[in-house]
Amino acid sequence: SGERLAHLEHHRHNINALAWSPDGQFFVSGSRDETVQIWKPDGERVIGMHTTGQITSLAYAPDASSFASAGHYSSTGEVWQSGTGALLFALEGHRTRLRCVAYSADSQWIASGDQAGVIVIHDAHTGQPVFWLEGSHGEDQAMAFSPDGQTLAVGTDRGRIELWNMEDRSYEGTIEAHTGGVTSLVYSRDGSLLISSGGDGVIRLWDAQTDKKIRSL
């Protein structure tokens, strides 16, 4: 119906990221105030945690056990226990500011991207870096794993979507997607579509098999 159900206030600066737990039990918010807040669906605040950076990205594990945060002014991200906010471990391996983070669909990997275009793939259970993907052109601003886990799509500040093959850890190619930076990426549940939004005010739908544009909104 579009009726407002709750009005939530606690952050003291811009709220830059939101994420629902896949089981629907919680949602989390991240802010420039260097905190992450955990909420129940009715709007009740559960707990808040201080972070190492100004949060720009949040991602929930598909198994709903944990969520990851990453943000400006820190080269380290964090992984938190769902519901309690207990810090499980840090995401390390970067040398400059983090910008984005994503879980693989099987909850085995966490990808993090930074201002220099370096991507680190971490073990999602320990946070340890498994391998690095380098060669990105521009600052990483958004990322998403395909549902089958075969591809990692990374959006940059130069309007490109860069595609990585996760099986052999190779660079697959680039989609020239937007005239402004790519601000968000999401795959459809069946993996047939990749959807991007950009600083140019446009949402675009891409065929995930051919990389051809289907529609602009």
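Residues numbered from 1 in each chain as written. Predicted model: local features only at pLDDT ≥ 70, side-chain atom pairs only at ≥ 80, totals over all residues. Heavy atoms only, no water.

**Notes on the environment of N16**
Now for step 1: Among the structural elements, N16 can be located in strand β1 (residues 15-20).
Now for step 2: Placed 38 residues apart in sequence, N16 and Q54 show a C-alpha to C-alpha distance of 8.9 Å.
Now for step 3: In this structure the side chain of N16 is engaged in a polar contact, spanning 3.1 Å, whose partner is the backbone oxygen of I55. (Helix = DSSP H or I, 4+ residues; strand = E, 2+ residues; numbered from the N terminus. Polar contact = N/O pair within 3.5 Å; in protein donor to acceptor, adjacent residues only side chain to side chain.)

**As for the environment of F131**
Now for step 1: Structurally, F131 can be placed in strand β12 (residues 129-133).
Now for step 2: Discounting residues that sit within four places of it in the chain, F131 has contacts with W109, I119, V120, I121, M166 and R169. (Contact = heavy atoms within 4.5 Å.)

**Some details on the environment of I110**
Now for step 1: Locating I110 in the fold gives a position in strand β10 (residues 109-114).
Now for step 2: Along the backbone, I110 and H125 are 15 residues apart, and their C-alpha atoms lie at a distance of 9.1 Å.

**A word on the layout of surface pockets**
Now for step 1: In this structure, the largest pocket encloses a volume near 1200 Å³.
Now for step 2: Residue lining of the largest pocket: 34 residues in total, with L58, A59, M143, L185 and V186 positioned closest to the centre.
Now for step 3: For the lining of the largest pocket, the secondary-structure elements that each account for two or more residues are β1, β5 (54-60), β9 (98-103), β13 (140-145) and β17 (182-187).
Now for step 4: Considered class by class, the residues forming the lining of the largest pocket number 23 nonpolar, nine polar and two charged.
Now for step 5: Approximately 210 Å³ is the volume found for the second largest pocket.
Now for step 6: In terms of lining, the second largest pocket is formed by 14 residues, of which the most central are S146, T151, Y187, A208 and Q209. (1 Å grid on protein atoms, 1.4 Å probe; cavity = no way out; pocket = protein on both sides within 12 Å on 5 of 7 lines; lining within 4 Å. Points joined across faces, edges and corners; volume = space filled by probe spheres on them. Nonpolar A, V, L, I, M, F, W, Y, C, P; charged D, E, K, R; others polar.)

**Quick notes on the pairing of strand β11 (residues 119-123)**
Now for step 1: With respect to burial, β11 is a largely interior element, four of its five residues being buried.
Now for step 2: Pairing of β10 with β11, which is carried by five bridges, proceeds in the antiparallel orientation. Considered in β11, the bridge of I110 is made with H122.
Now for step 3: The hairpin formed by β10 and β11 contains four residues between the paired strands, and G117 there has a positive phi angle of roughly 85°.
Now for step 4: Pairing of β11 with β12, which is carried by four bridges, proceeds in the antiparallel orientation. (Buried < 20%, exposed > 50% of the residue type's maximum accessible area, 1.4 Å probe, protein only. Pairing = 2+ DSSP bridges.)

**Some points on the packing of aromatic side chains**
Now for step 1: Applying the stated criterion across every chain, the model contains five aromatic pairs.
Now for step 2: Ring plane angle 40° and centroid distance 5.3 Å describe the contact between Y60 and F67, whose orientation is recorded as tilted. Just as Y60 is buried, F67 falls in that class too.
Now for step 3: Arranged with centres 5.6 Å apart and planes meeting at 85°, the rings of W109 and F131 form a pair that is edge-to-face. Taken together, the residues span a long stretch of sequence, with W109 in strand β10 and F131 in strand β12 at a distance of 22 residues.
Now for step 4: You can call W109 partly exposed: its relative accessible area is 23%.
Now for step 5: On the basis of relative accessible area, F131 is assigned to the buried category, the value being 5%.
Now for step 6: A network of ring pairs unites the aromatic residues W20, F27 and W39 as a single cluster.
Now for step 7: Between the NZ or CZ atom of R169 and the centre of the ring of F131, over which it lies, the distance is 3.9 Å. (Phe/Tyr/Trp six-rings, centres within 6.5 Å; stacked < 30°, edge-to-face > 60°. Lys NZ or Arg CZ within 6 Å of the ring centre and 35° of its normal.)

**Remarks on the sheet that holds β1**
Now for step 1: Taken in spatial order, the four strands make up an open sheet running β1-β2-β3-β4, and their pairing is antiparallel. Each end of this open sheet is capped by a strand with a single partner; those strands are β1 and β4 (45-50). Strand-to-strand twist in this sheet, taken as the mean axis angle between neighbours without regard to direction, amounts to 15°.
Now for step 2: Bridge count for β1 against strand β2 (residues 27-31) is five bridges, and the pairing is antiparallel. (Axes fitted to C-alpha atoms, helices over the stretch in contact; angles between N-to-C directions.)

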